[in-house]
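Listed below, chain by chain, are the residues.
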Amino acid sequence: MSLMPENLTLTTGAAERIMQRIQEAASISESTQYLSRRFASSEHQQINTLAAQWMKAAGMHTREDAIGNVIGRYEANDSQTNAPAIMLGSHLDTVINAGRYDGMLGVLCALAVVESLNEQEVRLPYALEVIGFADEEGVRYQSTYLGSRAITGHFSKDVLNRRDEDGILFVDALKQFGSNVDNLASAIRKPADIYAYLEVHIEQGPVLEAKGLPVGVVSSIAGANRMSVSLTGLAGHAGTVPMNLRQDALAAAAECISLVESVCSNHDGLVGTVGRIKAKPGASNVITGDVEFTIDLRAAQDEVRRDRVGQVVEGMAAICKRRSIEIGIEHVHEASSVSCDAHIMQCMQSALRSAGMDVLVLPSGAGHDAAAMAEITKMGMLFVRCAGGVSHHPDESVTKEDAIAGADILLKSVVNLCR
Ligand code: GLV
Ligand code: MN
Ligand code: MN
């Protein structure tokens, strides 16, 4: 195997396979109607098996860790056995009714990088690891970054006793998946073993498209809170209970949701979303007695986010007091905003210039495993343009040329980082 030559590019085969694999991966779904792959499901197992096959074909040794991350390793050049790794990847889980590119594109770009090096018989001074994270979306247990936080050792034990929508405990789901919570610590990686983490992701916003650019460099990742809220009122007859004597949990929830919207509407980079709500008993002629809903609140600045979380919590308490509704709030997730590493950003910018592309640096409003990985290593991210900025939606769309450009810039960034 030769050392790093100048001007490495993707091989044609590796480039061609990115979109083919996007389609193949999208066929692994819990539903035939839409794309959904939740943490620790049998589809999670299937996508890991497929990703491991691809990794092996790209010359990597593979393993699955205790949380269900799938990892392939491509060793460094001969003089550097046990070298620290540059880790590349993204997540393999999806939201419900997802697009095909969120997460998957990052894993496949990483794979294309290693495949290209392998086909050109090139080894780098660092090992390369490709990782498909087990859970970034947090759909099943409401706690995002389960995969990456297991690696950094910041896995929150709170999730262990949480139940999914079907009442399945996290511990049992992991057991069914073939792992065990008692082994979770074995997934932790030493900071010294990971030199850097680089992730390609679709932008999930409209900026690159508006600027006419295929790839951009990420500057920072917004912080986020997630809350699970439960409201308890009193179910009753819709025809007989006068309006002023009701304890209608759904009417209270409506007011709380409006509050979230108004509290989050007055600052740049601040957003608040209620994405899921369940009302019981759920009949048109019954006043709602119980409601559960989620709140997702994010901001580029941590002080702003914490302040608005406080406003929402206080405001909802006041609404519920006035309406004689009991409120319970569980803070199920918190992540601070994180800056990308300045040197990695420079390597990415040089990569764009050497490919003849304009450089655009932009922040991420979405959360990414890179934010969790920043706890133990320096990290950087590349965004790839997506049509209309649409994401978390089946219409998510990326062109083949842009996907290949993302992988090529990732390869060039890795090479720059090795210099
Ligand atoms: C992940 O997609 C997130 O930002 O919620
Ligand atoms: Mn997502
Ligand atoms: Mn994602």
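Look up a bit, the structure's there.
Residues numbered from 1 in each chain as written. Chains lettered and ligands numbered in written order. Predicted model: local features only at pLDDT ≥ 70, side-chain atom pairs only at ≥ 80, totals over all residues. Heavy atoms only, no water.

S.K.: Tell me what's going on with helix α5 (residues 170-177), and back it up with residues and numbers.
M.R.: Inspection of α5 places Phe170, Ala173, Leu174 and Phe177 among the buried residues, and these make up the whole buried set. Buried residues along α5 cover an arc of 95 degrees about the axis, so they all sit on one side. Opposite the buried face of α5, at more than 90 degrees from it, the exposed residues are Lys175 and Gln176. For α5, the secondary structure elements touched by its buried residues are α2 (42-57), β1 (61-64) and α4 (146-152). (Buried < 20%, exposed > 50% of the residue type's maximum accessible area, 1.4 Å probe, protein only. Helix = DSSP H or I, 4+ residues; strand = E, 2+ residues; numbered from the N terminus. Arc of directions from axis to C-beta. Contact = heavy atoms within 4.5 Å.)

S.K.: Outline the coordination of the manganese ion (ligand 3), listing residues and values.
M.R.: For the manganese ion (ligand 3), every protein donor is listed as His91 (NE2), Asp102 (OD) and His201 (NE2), and the spread of their distances is 2.0 to 2.2 Å. Donor residues for the manganese ion (ligand 3) sit on one chain with the sequence pattern H-x10-D-x98-H. Between the manganese ion (ligand 3) and the manganese ion (ligand 2) the interatomic distance comes to 3.4 Å, and Asp102 is a ligand of both metals. Of this pair, Asp102 sits in the loop between β3 (85-91) and α3 (104-119) while His201 is found in strand β5 (residues 194-202), placing the two residues 99 residues apart along the sequence. Accessibility assignment for this pair places Asp102 and His201 in one class, buried. (Donors = N, O, S within 2.8 Å, 3.2 Å for Na, K, Ca; no water.)

S.K.: Can you lay out the nonpolar core for me, pointing to particular residues and giving the numbers?
M.R.: One finds Ile86, Leu105, Leu117, Leu128, Leu198, Leu410 and Val414 to be the most contacted residues of the largest nonpolar core, which totals 91 residues. The element contributing the most residues to this core is α3, with 11 residues. Setting aside its immediate chain neighbours within four residues, Leu117 contacts Leu8, Tyr74, Val122, Leu124, Leu128 and Leu411. Counting residues in each nonpolar core, the second largest holds 24 residues, with Leu259, Val263, Leu270 and Ile295 among its members. (Core = buried A, V, L, I, M, F, W, Y, C linked by side-chain atoms within 4.5 Å.)

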